[in-house]
Amino acid sequence: MLLRALCVAAVDTANRAGASAGRIAVVQSTAEGASRARALNAQDGLFTLVERGLSGGAPLERVGKIGAISRGLAADSQWNVVRDVAARPEIRVMVSNVSEAGFRIDAPFPGRLTAALHARFTRAREAPPVFVIPTELVPDNGPRLAAMVHELAGKYDRPFRDWLKARVRFCSSLVDRIVTAPPPDQHAALEAKLGYRDALLTVTEPYALWAIEADPAELHAAFPVASATVVVTPDIAFYRERKLRLLNAVHTATAPLAVLAGVRTVREAIAHPLLGAFQKRLLFDEILPATDLPTDQAGAFAHQVLERFANPWLEHEYRVIATNQEEKFRIRVVPLISRRPQPSLALAAAAHLTFMRAPFDALGEAALIPEFAAATTRWLEVLSRDGVEAALETLRCT
């Protein structure tokens, strides 16, 4: 859904503007995704994108048909076709989006990507360079994916490894757009309003950003999608840090508290008298001061984040946000923890340990900071004795 709402939409916008960004062959890499490939093909690659949200506090809605997809392929049953597509000289860009768990060398994805690139080397080694753009929400996803592919390429001959270095550009990227699957009743209501059926109806917020780390001129020559929502720059550190800390860290820090309190969605949490206040305090009083982001830009983005959280049309569930919670907490939240007073982060850490049923040392280096460890221990006692709402009320009164 994220790729459809952000990356596919960006290609579609570029094509409509006359930039000739090309069309997309979608590869579903899991057995569960094979049905989506079939649905794409049944609809000739077309799907409806509904953008709904708040802009400056006012409701905003846009509806469009997206036609940038040529076909869908299922990797498990059509791997030879996937290899054929990867080897075509006109293919200039490969975009990936797997889970954090799938973005490791012992998972299927890096091996499949290496095999697809080897097919390109074997059949079209003089083809123009290909850009590999991972969108997984992990730091330095470009170099990390490159390292996995180069290690896996060790089983092939030296010419292939040399070709990888010369002809494949691994570009880190950062994607920022909240996309959710509408519940069946909302899906049906939207179809009734549209006047047609769409199995791939995609609902998202108006906000969108895809920041790609590359030489702008080189990438634009192969992939002309730069726009207000697609930024190509030699260094995306600012965009990555801004989203990772001011949006993702807030989600990950809040998710255990919300789940333990029985609050289902982000929208409900931001409207909750205690969880809403917790998120504002966490964001402005503790996370912002813990970053090196420019104050003015970070503050404006933080206010925008809260407006996005309040989107009345998105069902962004904490049970989904809490997927891979332990790894997300380690990457997104732990680096923000320091010796300064951080009561909201300490409560978030206590809720995280309670939710995960994890030992204290699961906090990693944060567990070694005496002041933070002591505060987290106190919140663990409050949570076990009085519950989440009492803990949040206690925090509000401090």
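See above for the structure.
### A few points about the overall build of the protein chain
Moving on, step 1. The helix and strand tally for the protein chain stands at 17 helices and 12 strands.
Moving on, step 2. For the protein chain, whose C-alpha radius of gyration is 22 Å, the value lies close to the compact-globule estimate of 21 Å for 398 residues.
Moving on, step 3. When its C-alpha atoms are laid out on the principal axes, the protein chain stretches across 65 × 55 × 40 Å.
Moving on, step 4. For the protein chain, buried positions account for 52% of its 398 residues.
Moving on, step 5. Considering only contacts within the protein chain whose residues lie at least 6 apart along the sequence, 75% involve residues at least 24 apart.

### Re the pairing of strand S3 (residues 58-66)
Moving on, step 1. Looking at chain direction, strand S2 (residues 47-55) and S3 are connected through nine bridges and run antiparallel. Looking across to S3, one finds that Arg-52 is bridged to Glu-61.
Moving on, step 2. Connecting the antiparallel pair S2 and S3 is a turn made up of two residues, with Gly-56 showing a positive phi of about 65°.

### A few points about the pairing of strand S6 (residues 130-134)
Moving on, step 1. For S6, the buried fraction is high: five of the five residues fall into the buried class.
Moving on, step 2. Residues Val-130, Val-132 and Pro-134 of S6 are buried on one face, and the alternating residues Phe-131 and Ile-133, pointing to the opposite face, are buried as well.
Moving on, step 3. In the sheet, strand S5 (residues 93-96) pairs with S6 via four bridges, with the strands oriented parallel. Paired with Val-93 across the strands is Phe-131, a residue of S6.
Moving on, step 4. Regarding topology, helix H4 (residues 108-124) serves as the crossover connection from S5 to the parallel S6, and that connection is right-handed.
Moving on, step 5. As defined by bridge partners, S6 adjoins strand S7 (residues 168-170) across three bridges and the pair is classed as parallel.

### Topic: helix H14 (residues 325-333)
Moving on, step 1. When H14 is considered as a whole, its buried residues turn out to be Gln-325, Lys-328, Phe-329, Ile-331, Arg-332 and Val-333.
Moving on, step 2. Summarising the contacts, the buried residues of H14 are in contact with helix H9 (237-261), helix H13 (318-321) and helix H15 (343-356).

### So, the sheet that holds strand S9 (residues 179-180)
Moving on, step 1. With mixed pairing, the four strands of this open sheet are ordered in space as S3-S2-S10-S9. At either end of the open sheet lies a strand with only one pairing partner, and these are S3 and S9.
Moving on, step 2. Its contacts with the sheet place helix H7 (residues 184-194) against S2, S3 and strand S10 (202-204), and it is angled at close to 105° to S2.

Reading the values: the criteria
Residues numbered from 1 in each chain as written. Predicted model: local features only at pLDDT ≥ 70, side-chain atom pairs only at ≥ 80, totals over all residues. Heavy atoms only, no water. Helix = DSSP H or I, 4+ residues; strand = E, 2+ residues; numbered from the N terminus. Rg over C-alpha atoms; globule rule 2.2 N^0.38 Å. Buried < 20%, exposed > 50% of the residue type's maximum accessible area, 1.4 Å probe, protein only. Contact = heavy atoms within 4.5 Å. Pairing = 2+ DSSP bridges. Right-handed = clockwise from strand over helix to strand, strands pointing away. Axes fitted to C-alpha atoms, helices over the stretch in contact; angles between N-to-C directions.

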